[in-house]
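Residue-level listing of the chains:
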Amino acid sequence: MNLKLSLLAATLIATVAVVPASAQTTKKSTAAAPKAAVSGKTPLVLVNGSPITTGMADLLIEEQVAQGQQSTPELRSAVREELIKRELLAQEARKRGLDKTDQVTARIDLARQSILLGLYLDEYVKAHPISDADVRAEYDHQVTLLGDKDYKVRHILVDKEEDAQAIIKKLDAGGKFEELAKQSKDEGTKDSGGDLGWGRASDYAANFGDVVPHLEKGQYTKQPVKSNFGYHVILVEDTRKPVPPDFATVSEKVKQSLVQQEVQKHIAELMSKAKIQ
């Protein structure tokens, strides 16, 4: 799951380009997005009497800064112009009654819902922080799931068991696995000698994965192995001890995974308590 917990992603539904390229600058700036000294409800500009608030401008500026633009007076000016254009178009839409259509009402409801759930999940995650110890424990757990061996595997896949048995007889007679693999119906591997690369036994389909750990380096199956795809002849070409990724390089991903698990658990709890008819 790729659950984004940021409010900014759901704040504005853009239908046109937000800021023209001319608003970007090569001058580096470390300043954060400018904050209005007045209330976010204070009008920044009136368009035919309708206010565009400083809060709207600040949110759009923050969104652009989060996407990599620099916070500059040029950016604020471009955002102001963009919001004026949006308001003019929105006013024209309202004149035609488009804001009363079922489609627009549904879109507004979805946007409001997205903003609310984004804010709620932001608060929930802050209230349920993932500790460094939690991240380390999850990393260690994932390392144990790697097992003690990786396998470099080749296979030949055919539809009929007797065809697989015929291939095994040819291997017994000295035939080369890579050549016989050209008979495979696996279009992705037949031209590379049936090479499936390195992986864990658990990466493969049930029967396939069950057989792999029982083969020694250089050994192939003496009986066809059936799976949902057909019948396999399997060769374990090599083995090695798994090398887990360095903790420092994956710790942030592990943390995000734990955050997502925590959110999913909370959602499941809400679902279990809800009255859904």
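Right, let's walk through the structure included here.

Calculation notes
- Residue numbers run consecutively from 1 along every chain, following the written order of its sequence.
- Selection of residues for local features in this predicted model requires a pLDDT of at least 70, selection of side-chain atom pairs for listing and counting requires 80 or more, and totals for whole chains, interfaces and linings are taken over all residues.
- As a rule here, side-chain values come from all non-hydrogen atoms in the structure, and water together with hydrogens is ignored.
- The numbering of helices and of strands both runs from the N terminus, where a helix is a DSSP run of H or I of at least 4 residues and a strand a run of E of at least 2.
- Residue burial is assigned from relative accessible area. The probe radius is 1.4 Å, only protein chains are included, and a residue is buried under 20% of its type maximum, exposed over 50%, and partly exposed in between.
- Contact definition: two residues touch when any of their heavy atoms are within 4.5 Å.
- Residue exposure ignores everything except the shown protein chains as possible cover, and the areas themselves are Shrake-Rupley values with a 1.4 Å probe.
- Each patch is assembled from residues with relative accessible area greater than 30% and no salt bridge, linking like charges that lie within 9 Å and nonpolar side chains (Val, Leu, Ile, Met, Phe, Trp, Tyr) that lie within 5 Å.
- Every case where a carboxyl oxygen of Asp or Glu lies within 4 Å of a side-chain nitrogen of Lys or Arg is listed as a salt bridge.
- What a helix should span is 1.5 Å times the count of its residues minus one.
- Angular values range over 0 to 180 degrees, each being the angle between N-to-C directions of two axes fitted as lines to C-alpha atoms, with helices fitted over their stretch in contact.
- To sort the angles, those under 35 degrees are grouped as roughly parallel, those over 145 as roughly antiparallel, those from 65 to 115 as roughly perpendicular, and the leftovers as oblique.
- When residues are sorted by character, Ala, Val, Leu, Ile, Met, Phe, Trp, Tyr, Cys and Pro go into the nonpolar class, Asp, Glu, Lys and Arg into the charged class, and all the rest, Gly among them, into the polar class.
- Only protein atoms enter the 1 Å grid, on which a cavity is a set of points fitting a 1.4 Å probe that cannot get out and a pocket is an open set with protein on both sides within 12 Å along at least 5 of 7 lines, lining residues being those with an atom within 4 Å of a point.
- Grid points are joined across faces, edges and corners, and a volume is the space filled by probe spheres set on the points.
- Following DSSP output, two strands are said to pair if at least two bridges run between them.

**Observations concerning the overall build of the chain**
- Secondary structure summary: the chain contains nine helices and six strands in total.
- For the chain, the residues scored as buried account for 31% of the 277 residues in total.
- Taking all contacts inside the chain whose residues are at least 6 apart in sequence as the whole, residues at least 24 apart take part in 70%.
- Roughly 18000 Å² of accessible area belongs to the chain as shown, and the carbon and sulfur atoms make up 54% of that amount.

**Quick word on a nonpolar patch on the surface**
- Residues Ile267, Met271 and Ile276 make up a contiguous nonpolar surface patch of roughly 300 Å² in combined accessible area.
- Looking at where Ile267 falls in the secondary structure, it is placed in helix H9 (residues 247-273).

**A word on helix H4 (residues 102-127)**
- With 26 residues, H4 extends 37 Å from end C-alpha to end C-alpha; this agrees with the ideal 38 Å at 1.5 Å per step.
- Those residues of H4 that fall on the buried side of the exposure criterion are Ala111, Gly118, Leu121 and Tyr124.

**Comments concerning the packing of helix H5 (residues 132-145) against H9**
- Two elements in contact, H5 and H9, have axes whose closest approach is 9 Å; the angle formed by their N-to-C orientations is 105°. In this view, H5 runs roughly perpendicular relative to H9, as classed from their interaxial angle. Facing H5, whose interface residues are Asp134, Val135, Arg136, Glu138 and Tyr139, H9 presents Phe247, Val250, Ser251, Val254, Lys255, Leu258 and Gln261.
- Residue classes in the contact of H5 with H9 are distributed as six nonpolar, two polar and four charged.

**With respect to empty space enclosed by the protein**
- Overall, the coordinates contain one cavity of 30 Å³ or more when judged by the stated rule.
- Considering only enclosed or pocket space, the largest cavity measures out at about 30 Å³ in volume.
- Lining the largest cavity, in full, are Tyr124, Val125, His128, Ile130, Val259, Glu262 and Val263.
- Sorting the residues of the lining of the largest cavity by element identifies H4 and H9 as the ones contributing at least two each.
- Residue contributions to the lining of the largest cavity peak at three residues, all from H9.

**Side note on the sheet that holds strand S6 (residues 230-240)**
- In space, the four strands of this open sheet follow the order S4-S3-S6-S5, with antiparallel pairing throughout. Lying at the two open borders of the sheet, with one neighbouring strand each, are strand S4 (195-199) and strand S5 (225-227). Each neighbouring strand pair of the sheet contributes to a mean axis angle of 40°, computed without reference to strand direction.
- Where helix H6 (residues 161-172) meets the sheet, it contacts strand S3 (150-158) and S6, and its direction lies at approximately 40° from that of S6.

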